[in-house]
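Below are the chains, spelled out letter by letter.
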Amino acid sequence: MPSTSRRHALALAAGGTLGTLAGCLDSLDSLGDDERGGSGGDKTVTDTTDAPEPEYGHWFDGGVDYAGTVDRRGEDEVAIAVGAADGFRFDPAAVWVDYGTTVRWEWTGDAGTHDVTTYDGPAAIESALADEAGHEYSVTVTEADEGITRYSCRPHQVIGEQGALVVGPEIESYVTEYDTTPVDYGDWFAETPGVAETANPLRQDAVTVRVGGPGGYDSDAREWNTAPVYDTPALRVTPGTTVRWRWVPGAGEHSVVAEDGSFESDRVAVEAADSPEKQEDEHAFEHVFEEPGIHEYACERHRDDGMRGAVVVAESRS
């Protein structure tokens, strides 16, 4: 039978701190500039052992170089590479340790800026964003961290820089307070480009969605990166989260209108300055989501062209 502390830890295995992707990516290197990799491209995934394999839910489904859990129980200190393999991976992706082990994340310096942040689970992991080789961040786990903590690099979580830290003697399965399985949107996104999966910034006070494209400024072309889309069209949040839409300069006239009439922004166009320094504040609209379910919305002018979005409010299973 599981120990009392183990049952308690698994029951509480929730509380992610995934940052708002749209908000932090503005200041980071673009993926296209960094996909060349570097020395991290020569690294291989760490070999695994014959330890029983914990169940991580859907965390390592697709796009992640996951070869199994590495058993490091009995070791005082464990190192995990940040920006390994193609520059967008943790190595090892999943590691199992004892109470009192110091887990140290070491930056390779490849593929731009990375961080290490708890997505959900009992362990508090929250590093700074850094890009220099040799940067380190560490935590020493205790019995209070028993269970499975899923963590990620916030800027690159959507392309598979995800990891798991297993703490304790007999961990069998991952238990989350909120369901993060794939969402069936029917044909709502049939004409919408770029909806690969639902982003899951759970337990955040506020999340930002860019209206009219990714919003980055191309200094060579002297223009903003725009498109008739919402940059994060499918989003899952927890009750009480404020979703804030920010209009990209020069993207044209767009709006945010709920299909059920529960929220509606003005139709707005923000004029683009010729540099970020000269750009005036962007227009913003926000709505607090409380009611569990799928909340569909679209741009009034471009709804039939595929400029659609959805906010999924996840109901607690506790």
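We now turn to the structure provided with this report. Values in this document were obtained by computation on a predicted structure and should not be read as measured data.

## Focus: the overall build of the protein
Okay, so step 1: When its secondary structure is counted, the protein shows three helices and 18 strands.
Okay, so step 2: Evaluated residue by residue, the protein yields a buried proportion of 50% over its 318 residues.
Okay, so step 3: Considering only residue pairs separated by 6 or more positions, the protein has 71% of its internal contacts joining residues 24 or more positions apart.
Okay, so step 4: In the form shown here, the protein has an accessible surface area of approximately 14,500 Å², with 43% of it arising from carbon and sulfur atoms.

## Concerning the pattern of salt bridges
Okay, so step 1: One pass over the structure, following the stated rule, counts 14 salt bridges.
Okay, so step 2: R73 is the partner of D71 in a salt bridge, and the nearest nitrogen-oxygen pair spans 3.0 Å.
Okay, so step 3: The exposure class of R73 is partly exposed, given its relative accessible area of 28%.

## Describing the sheet that holds strand β17 (residues 293–298)
Okay, so step 1: Ordered by their spatial adjacency, four strands build an open sheet running β13-β18-β17-β15, and the pairing between neighbours is mixed. Bordering the open sheet on either side are β13 (234–237) and β15 (257–258), each of which pairs with just one other strand.
Okay, so step 2: Bridging between β15 and β17 involves two bridges; their strand directions are antiparallel. When the bridges of β17 are listed, V257 appears paired with A298.

## Here's the deal with unusual backbone geometry
For residues other than glycine, phi is negative in most cases, and the peptide bonds are mostly trans.
Okay, so step 1: Cis rather than trans, the peptide bond between D91 and P92 has omega equal to 0 degrees.
Okay, so step 2: One can find P92 in the loop between β3 (89–91) and β4 (94–97).
Okay, so step 3: Phi is positive for A85, which is not a glycine, with a value near 55 degrees.
Okay, so step 4: Along the polypeptide, A85 turns up in the loop between β2 (77–84) and β3.
Okay, so step 5: In the Ramachandran plot, A111 falls in the positive-phi region, its phi being about 65 degrees despite a non-glycine side chain.
Okay, so step 6: Note that A111 resides in the loop between β5 (102–107) and β6 (117–120).

## A short note on the sheet that holds β5
Think of a sheet as strands paired side by side through backbone hydrogen bonds, with each pair either parallel or antiparallel.
Okay, so step 1: Spatially, the four strands line up as an open sheet ordered β3-β2-β5-β7, and their pairing is mixed. A strand with exactly one partner marks an edge of an open sheet, and here the two such strands are β3 and β7 (136–140). Each adjacent strand pair in this sheet contributes to an overall mean axis angle of 20 degrees, direction not counted.
Okay, so step 2: Sheet analysis places β2 next to β5, joined by six bridges and oriented parallel. Looking at β5, one finds that E77 is bridged to T102.

## Here's the deal with the environment of P249
Okay, so step 1: Here P249 lies in the loop between β14 (241–247) and β15.
Okay, so step 2: The buried category is assigned to P249, whose relative accessible area is 1%.
Okay, so step 3: Setting aside chain neighbours within four positions, we find P249 in contact with R210, W224, T226, V270, E271, A272, Q279 and E282.

## Considerations on the nonpolar core
Okay, so step 1: Judged by nonpolar contacts, the single largest core of 22 residues is most densely connected at Y230, W245, W247, V256, F263, Y297 and V311.
Okay, so step 2: The contacts of V311, once residues within four sequence positions are left out, are L235, V237, V243, W245, F289, G293, I294, H295 and Y297.
Okay, so step 3: The next biggest cluster of nonpolar side chains, apart from the first, holds 20 residues, and it includes V141, Y151, L165 and V167.

## Remarks on the pairing of β4
A regular strand places its side chains on the two faces of the sheet in alternate fashion.
Okay, so step 1: The side-chain alternation of β4 yields two buried faces, one formed by A94 and W96 and the other by V95 and V97.
Okay, so step 2: As judged from the three bridges shared by strand β1 (residues 69–71) and β4, these two strands associate in the parallel manner. Paired with T69 across the strands is A94, a residue of β4.
Okay, so step 3: Both β4 and strand β9 (residues 162–167) contribute to a ladder of four bridges, which runs parallel. Within β9, the position partnered with V95 by the bridge is L165.

Here is what the cut-offs are and how they apply
- Residues numbered from 1 in each chain as written.
- Predicted model: local features only at pLDDT ≥ 70, side-chain atom pairs only at ≥ 80, totals over all residues.
- Heavy atoms only, no water.
- Helix = DSSP H or I, 4+ residues; strand = E, 2+ residues; numbered from the N terminus.
- Buried < 20%, exposed > 50% of the residue type's maximum accessible area, 1.4 Å probe, protein only.
- Contact = heavy atoms within 4.5 Å.
- Areas by Shrake-Rupley, 256 points an atom, 1.4 Å probe, with all protein chains shown as cover.
- Salt bridge = Lys/Arg side-chain N within 4 Å of Asp/Glu carboxyl O.
- Pairing = 2+ DSSP bridges.
- Axes fitted to C-alpha atoms, helices over the stretch in contact; angles between N-to-C directions.
- Core = buried A, V, L, I, M, F, W, Y, C linked by side-chain atoms within 4.5 Å.

Structural measurements only, silent on function.
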